[in-house]
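So the chains spell out like this:
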Amino acid sequence: MAATKTQAFVLKTQDYRDTSLLAYFYTRDYGKIHGIIRGIRDGRERYGSTLEPFSLNEILFYRRRRGGDLHQVTQVELLEPFFGVREDLERVSYASYFVDLLNQLVEVEDPHPPIFDLLSDLLWFLQTGASCRRGARIYEIKLFELLGFMPEIRSCVACRTPSPDPAYFDTALGGILCGHCRSSRDGASLSLSKGTLHFLDHVRNSAVRDLLGVKVSEGVGKELERVLRRFVDFYLSNKLKSVVFLEKMGF
Ligand SMILES: [Zn+2]
């Protein structure tokens, strides 16, 4: 077995047997991996991290060649705890949502370094004290784009009319409909303003660092949240606990 060192965000942990921990990581080089850290719960001083969710660590793990995808993690070293996020309940809640959503949407061991960088950028974004909601919308749009889930927003998905106005978002069809096509279909759709469509397109085509100062009106922000959340719900069979918490707290 070869030992491998890589940078890893903690997505989730759960107790495993008496003293061990099962951790889900998102790594830069291997994508999502599952690992067992033996004895960490009764000998934390042997390890350089307590593996808090969304902390960045350097881990050493032994890749299993056969018998599943659960690896042995023998060293963990904390690189960035994001204390500035942890000291604020709203920021912690959004950071938890970021790792929760990623954990649900990515397959095991399907590496995608731009997704690792996106999570890193957005956690730093929260750490600077910027708007959590704006960060969440940027994260969702970029993540959907990187995973190939991004809805069609440039033309009607049914008749291909470019830039329809008004435009309606249809989750099941994965894109927008013009007024004519919408009226001939059953099912719920959300109307989308020009401002919302423009923001979606702008985020898709811009680097995260160029979006940190972008302004969003309250109306567009609300519409984006509604449409992106509906989209997330459509992809996931169960509502994320972190989303339930965000909604309950009114964050
Ligand atoms: Zn149409």
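Residues numbered from 1 in each chain as written. Predicted model: local features only at pLDDT ≥ 70, side-chain atom pairs only at ≥ 80, totals over all residues. Heavy atoms only, no water.

K.L.:
What should I look at first to understand helix 3 (residues 113-127) in this one?
P.N.:
Residues separated by three or four positions in an α-helix point in the same direction, a consequence of the helix having 3.6 residues per turn. Here helix 3 is 15 residues long and its end C-alpha atoms lie 21 Å apart, about the 21 Å a rise of 1.5 Å per residue gives. The positive-phi residue at the C-terminal boundary of helix 3 is Gly129, with phi of around 90 degrees. (Helix = DSSP H or I, 4+ residues; strand = E, 2+ residues; numbered from the N terminus. Expected span 1.5 Å × (residues − 1).)

K.L.:
It is not clear to me how the nonpolar core should be interpreted in this structure. Could you clarify?
P.N.:
One recurring pattern in soluble globular proteins is that nonpolar side chains are buried together. Core analysis: the biggest nonpolar cluster contains 60 residues, and Phe98, Leu101, Leu102 and Tyr139 have the highest contact counts within it. Leu101 has contacts with Tyr139, Glu140, Leu143, Val232, Leu236 and Leu240, leaving out every residue within four places of it along the chain. (Core = buried A, V, L, I, M, F, W, Y, C linked by side-chain atoms within 4.5 Å. Buried < 20%, exposed > 50% of the residue type's maximum accessible area, 1.4 Å probe, protein only. Contact = heavy atoms within 4.5 Å.)

K.L.:
Would you explain the side chain of Thr171 in this entry?
P.N.:
Note on placement: Thr171 falls in the loop between strand 6 (167-170) and strand 7 (175-178). Look at Thr171 and you get buried, because its relative accessible area is 9%. Apart from the residues within four sequence positions on either side, Thr171 is in contact with Arg230, Phe231 and Phe234.

K.L.:
What am I meant to see in the packing of helix 2 (residues 89-105) against helix 8 (residues 241-249) here?
P.N.:
When two helices pack together, their arrangement is given by the angle between their axes and by how far apart the axes lie. Put simply, helix 2 and helix 8 touch, their axes get as near as 8 Å, and they point 150 degrees apart. Considering their axes alone, helix 2 and helix 8 lie roughly antiparallel with respect to each other. Handedness of the crossing formed by helix 2 with helix 8: left-handed. Where helix 2 approaches helix 8, its residues Leu89, Ser93, Tyr94, Ser96, Tyr97 and Asp100 are matched on the opposing element by Lys241, Ser242, Val243, Phe245, Leu246 and Met249. In terms of residue class, the contact of helix 2 with helix 8 is made up of seven nonpolar, three polar and two charged. (Axes fitted to C-alpha atoms, helices over the stretch in contact; angles between N-to-C directions. Parallel < 35°, antiparallel > 145°, perpendicular 65-115°, else oblique. Left-handed = near helix turned anticlockwise from the far one by under 90°. Nonpolar A, V, L, I, M, F, W, Y, C, P; charged D, E, K, R; others polar.)

K.L.:
I keep staring at the sheet that holds strand 3 (residues 31-37) and nothing clicks. Help me out?
P.N.:
Either a parallel or an antiparallel arrangement is found when strands of a sheet pair, and the pairing is made through backbone hydrogen bonds. Ordered in space as 1-2-3-5-4, the five strands form a closed barrel in which the pairing is mixed. Here the average twist between neighbouring strands, direction ignored, is 50 degrees. Bridge count for strand 3 against strand 5 (residues 70-80) is three bridges, and the pairing is parallel. Residue pairing across strands places His34 opposite Leu70, the latter belonging to strand 5. Sheet contacts for helix 2: strand 1 (3-16), strand 2 (20-27) and strand 3; angle to strand 1, the most-contacted strand, approximately 100 degrees. Contacts from helix 3 reach strand 1, strand 2, strand 4 (56-62) and strand 5, with the element oriented near 65 degrees to strand 1. (Pairing = 2+ DSSP bridges.)

K.L.:
Is there a simple way to think about the coordination of the zinc ion in this case?
P.N.:
In an ideal tetrahedron of four donors about a metal, each angle is 109.5 degrees. In an ideal octahedron of six donors, the angles are 90 or 180 degrees. Distances from the zinc ion to its protein donors, namely Cys156 (SG), Cys159 (SG), Cys178 (SG) and Cys181 (SG), fall within the range 2.3 Å. Taken together, the four donor atoms surrounding the zinc ion define angles of 102 to 120 degrees at the centre, an arrangement classified as tetrahedral. Site description for the zinc ion: donor spacing in sequence, C-x2-C-x18-C-x2-C. Of this pair, Cys159 sits in the loop between helix 4 (132-147) and strand 6 while Cys178 sits in strand 7, and the two are 19 residues apart along the sequence. In this structure Cys159 comes out as partly exposed when scored by relative accessible area, which is 37%. Its relative accessible area of 9% is what places Cys178 among the buried residues. (Donors = N, O, S within 2.8 Å, 3.2 Å for Na, K, Ca; no water. Tetrahedral: all angles 85-135°; square planar, octahedral: opposite > 155°, others 65-115°.)

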